Amino acid sequence: MDDVNKRFLIMAAEGGEELSGNGELEESPAMEASEVPTSPPFEMAEMSEENGSATVAPEAPVDLNPSSFSMPLAGEDEEGELPADFERLWKVTQDNPHDFTNWTDLLQYCEQESHMTASRRALVAFLACYPLCYGYWKKYTDLERRAGYNSKAEEVCIQGLQAIPLSVDLWIHYINLLLGTLDMNLIESPMRIRSVFEEAVAAAGLDFHSDRLWDLYVEWEKEQGNMKNAAAILDRVLKVPTQLYNTHYDKFKEHLNSHEPKEVLSPEEYDELRTLCRQSQKAERAEQAQEEEAERPPGEEEPATPEGTDTEELIQKIREVVLVRRDKVYQDNEGEVRLRWNFEDAIKRPYFHVKSLDRHQLRAWHSYLDWEIAQLNKDTTDPDPVDPSQAAPEGSEVTTQHHEVSEEAAVAHDDHRVRILFERCLIACALYEEFWIRYIQYLEPQSVDEARAVFKRACEVHLTHKPNIHLQWATFEERHGDLTEARRVLEDLEKNLPGLAVVCLRRAALERRAGNLEKSEALLQESVAGSREKPTLHAFYSIKLARLLLKLGRNPSKARRVLQDALEISPDNDKLHLNLLELEVSGDPWASAEAVQECVARALAAPLASHTKILFSQRGLQFAEDYSNSIESVLSVFEEHQKLVKELGGTKRGAENGDEDSEKLEKSEDDSAVSVSTQLLPTVPHVPITTPPPPVMGTDMSAQAGYGGYGNWYQQSQYGNYGYQNTWNYNQGFYPPS
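Everything numeric in this text was worked out from a predicted model, so none of it was measured.

Enquirer: For this particular structure, what's the right way to read the packing of aromatic side chains?
Expert: For any pair of aromatic rings, geometry is given as the distance between the ring centres together with the angle between the planes. In total, this model carries 22 aromatic pairs according to the counting rule given. Taking the centre distance of 4.6 Å and the plane angle of 5° together, the rings of F197 and Y217 count as stacked. In this pair, F197 sits in helix α8 (residues 188-204) while Y217 sits in helix α9 (residues 211-223), placing the two residues 20 residues apart along the sequence. As far as the burial class goes, F197 and Y217 line up, both buried. Seen in terms of ring centroids, F197 and W220 are 5.8 Å apart; in terms of plane orientation they differ by 40°. Their pairing is tilted. Highlighted residues: F197 in helix α8 and W220 in helix α9, separated in sequence by 23 residues.

Written as structure tokens, this is what we have:
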């Protein structure tokens, strides 16, 4: 038995790939040209409905959630003093854990020093950041095994498979580890190996490059003398579209021809084919028997063949029928491979790497996913038509139920294929939010819990510093009623990426929608207090808080204090002046007349641009025209406006209102037209304009671009970095200018 295991280990190790510095798969030049199949012929007939369906329902895949396991602790025999440069290299990785080069430098140094404690510490930390680097899981496993800790080596391998269950290489490494450590003379050891093989093919058996895993399983069963099990495994892989699909059929034919059918076929299939072939033989010999009976001497009977024995002719007949049946399965599977071949050929890097993928590779994955999902939708919405001549008779329930079960099984199988493809994609494209979001959108209609698990895996393992997907996760949780989880997601994001205005606003909006207005106000006040050293950001938060207090809190006095305090820090911020003016204008016009003029006077005394001061002066004049109950006050405001225009070099119209001369406009910095002209009256005393000036910003004065011009906050180019032109589009920038 030991010799068998040694031969099997050598066979399993053949074709092993070399690892790049990233611990990932390098294209092996050692593959024989004869092992690589050519593209399947395109003149094949259309595939059948049952194409690629599994003979055995796939088992539940290994848990994909890395948080379900913990890294193994260091052994009791830890070496005391760490290598000389370890602390220096370790500090570099901790200062910038997202720099992959720093990690590889540390790991190479630990490997050169052959220091167990340092290597363990480095590998544990590295794999927590980059769990998809299967090559380093193998290195960690080998490290423990060489040190004699077989149980720890097995634990590490299992953790790696939980992190990346689609890794065929890691499954083979795990199986080799068990073959080298288990006592195969024990009854339970083969059962354990077989169980692991089943887990492996259930998790990674549908991968297009899973041929080595299937071949390993077949060869192991042969080594154990289980020819029927080997044939059953070959039967299963004949229905799986893989890169070396044609070699599996050749191996099945070789296996069948090397043994008698009763040694490789299941008892049920063998009995069925034996009966069928014997009946066929009897029918062929019936006519010949009649002729021989006429010539046979009287009383002599035909010699009978013993029932328990099979002639060579019968055995060959059974083999022919078996191959006819398998050939149909093989042709259908070849059709599946043909459909996928170009998609697979376009994928040049199926493993994880921190280097960016070019747009052609990203487009290739998207196209492949589009096609696979379209195949599933086609099977769901457009099932194959039933031949009326073969339809079940009216009232027959058995056939109808069987047809429904078959359709459900086919849809479930195709859904499993889509999920496998998504998981493969998320290995190569783990650092791209778009693929995680697409997978979640696919899963959410089927299972909210599964979609949540993908969000958790993306945000807590692979995309810890990508804010967009965290924000979408919080929205997802809020939409499904879990406000506690939504709060936690946003709080964790704010801890990881402090200073993001969008996170603060989203937290405040979440509390507001939940009815916690006081909490929403407190969050904005906290942001205002924490940004006093950044005047522009402080002004932004102050305006948000003031509008919350004014519009929802119905507390104009408190909102006024917020804006006035902000003006003490940023007196040159025209947005603060505009919002304060809006607040005053929105109140009782008779009670707020004095406050409006004070606001205008404050803006005119502030270090603002000339065109902005003229704008405020015009607003004050217009308010006086609309609401003042004294002509003297209107004249006073008008005269002050005239003086300001002369002082700042504004232009005037020389004709009365209604004259056909066009009004001269000056463009403001935000590209809005601002009227700076006033009427030059021909006589004294001055008579004020009795009609309101043309509306600024090109809109009605009661609209959002009115006195406060709040909407204009987001129109000015210098404030564009807030990125809120579209409220839910946070991709344009997160840090407001300071």
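Enquirer: Is there a simple way to explain the pattern of salt bridges in this structure?
Expert: Once the charged atoms of two side chains with opposite charge are near each other, the side chains can pair. Applying the stated criterion to the full structure yields 37 salt bridges. Across the pair E219 and K222 runs a salt bridge, and its minimum N-O distance is 4.0 Å. Separated by 3 residues within a single helix, E219 and K222 lie in helix α9, roughly one turn from each other. Given a relative accessible area of 26%, E219 falls into the partly exposed group.

Enquirer: Just checking my understanding: could you explain helix α18 (residues 448-462) for this structure?
Expert: Note on helix geometry: an α-helix contains 3.6 residues per turn, so any two residues three or four positions apart are oriented the same way. For α18, built from 15 residues, the straight-helix expectation of 21 Å at 1.5 Å per residue is met to within 8% by its first-to-last C-alpha distance of 20 Å. Those residues of α18 lying buried are A451, V454, F455, R457, A458, C459, V461 and H462.

Enquirer: How do you make sense of helix α25 (residues 574-585) when you look at a structure like this?
Expert: The first and last C-alpha atoms of α25 sit 16 Å apart over 12 residues, in line with the 16 Å expected at 1.5 Å per residue. Buried-residue contacts for α25 involve α23 (535-551), α24 (556-569), α26 (593-605) and α27 (610-627). A side-chain oxygen of the first residue of α25 lies 3.0 Å from the backbone nitrogen of K575; this N-cap is N573.

Enquirer: Even after reading the chapter, I still don't get the packing of α25 against α26, so can you show me in this structure?
Expert: Orientation of α25 relative to α26, taken along the N-to-C sense of each, is 170°, at an axis distance of 9 Å. In terms of orientation, α25 and α26 fall into the roughly antiparallel class. Facing α25, whose interface residues are H577, L580, L581, E584 and V585, α26 presents A595, V596, C599, V600, R602 and A603. Across the contact of α25 with α26, the residue classes break down as 8 nonpolar, 1 polar and 2 charged.

Enquirer: What exactly am I supposed to notice about unusual backbone geometry here?
Expert: Peptide bonds are trans in most cases, and residues, glycine excluded, mostly fall at negative phi. The residue S114 is not glycine, and still its phi comes out positive at about 55°. Within the secondary structure, S114 is located in the loop between α3 (100-113) and α4 (116-129). Its identity is not glycine, yet R554 carries a phi of approximately 50°, on the positive side.

Enquirer: Looking at this structure, how should I read the nonpolar core?
Expert: Nonpolar side chains in soluble globular proteins tend to end up buried together. The biggest cluster of nonpolar side chains holds 127 residues, and the ones touching the most others in it are F126, W171, L213, C429 and F435. No other element matches the 9 residues that helix α7 (residues 168-181) contributes to this core. With 36 residues, the next largest nonpolar core counts A539, Y541, L563 and V600 among its residues.

Enquirer: Teacher, can you tell me more about the confidence of the model for the protein chain here?
Expert: Predicted coordinates in regions of low pLDDT should not be interpreted in detail. Confidence along the protein chain averages 77 in pLDDT terms, with 69% of residues attaining 70 or more. Throughout residues 9-77 the model reports pLDDT below 50, and contacts reaching past four residues in sequence, or to other chains, amount to 130 contacts. A low-confidence stretch, residues 383-405 stays under pLDDT 50, and its non-local contacts, those more than four residues away or across chains, total 5 contacts.

Enquirer: Explain the packing of helix α17 (residues 433-443) against α18 to me, please; I cannot follow it from the model alone.
Expert: In a packed pair of helices, the relevant descriptors are the angle between the two axes and the axis-to-axis distance. For the pair α17 and α18, the least separation of the axes is 8 Å and the interaxial angle reads 165°. Taken together, the axes of α17 and α18 lie roughly antiparallel to each other. Helix-helix and strand crossings are classified by hand; for α17 and α18 the assignment is left-handed. Along its contact with α17, which presents W436, I437, Y439, I440 and L443, the element α18 presents E450, A451, V454, F455, R457, A458 and H462. Among the residues making up the contact of α17 with α18, the classes are represented as 9 nonpolar, 1 polar and 2 charged.

Enquirer: Looking at this structure, how should I read the environment of K613?
Expert: Position of K613 relative to the elements: it lies in helix α27. Spatially, the C-alpha atom of K613 lies 9.5 Å from that of A601, the residues being 12 residues apart in sequence. With near-sequence residues (within four places) excluded, K613 lies in contact with A603, L604, A606, L608, L644 and L648. At 3.4 Å, the side chain of K613 forms a polar contact with the backbone oxygen of A606.

Rules behind the numbers
Residues numbered from 1 in each chain as written. Predicted model: local features only at pLDDT ≥ 70, side-chain atom pairs only at ≥ 80, totals over all residues. Heavy atoms only, no water. Phe/Tyr/Trp six-rings, centres within 6.5 Å; stacked < 30°, edge-to-face > 60°. Helix = DSSP H or I, 4+ residues; strand = E, 2+ residues; numbered from the N terminus. Buried < 20%, exposed > 50% of the residue type's maximum accessible area, 1.4 Å probe, protein only. Salt bridge = Lys/Arg side-chain N within 4 Å of Asp/Glu carboxyl O. Expected span 1.5 Å × (residues − 1). Contact = heavy atoms within 4.5 Å. Polar contact = N/O pair within 3.5 Å; in protein donor to acceptor, adjacent residues only side chain to side chain. Axes fitted to C-alpha atoms, helices over the stretch in contact; angles between N-to-C directions. Parallel < 35°, antiparallel > 145°, perpendicular 65-115°, else oblique. Nonpolar A, V, L, I, M, F, W, Y, C, P; charged D, E, K, R; others polar. Core = buried A, V, L, I, M, F, W, Y, C linked by side-chain atoms within 4.5 Å. pLDDT = per-residue confidence, 0-100. Left-handed = near helix turned anticlockwise from the far one by under 90°.

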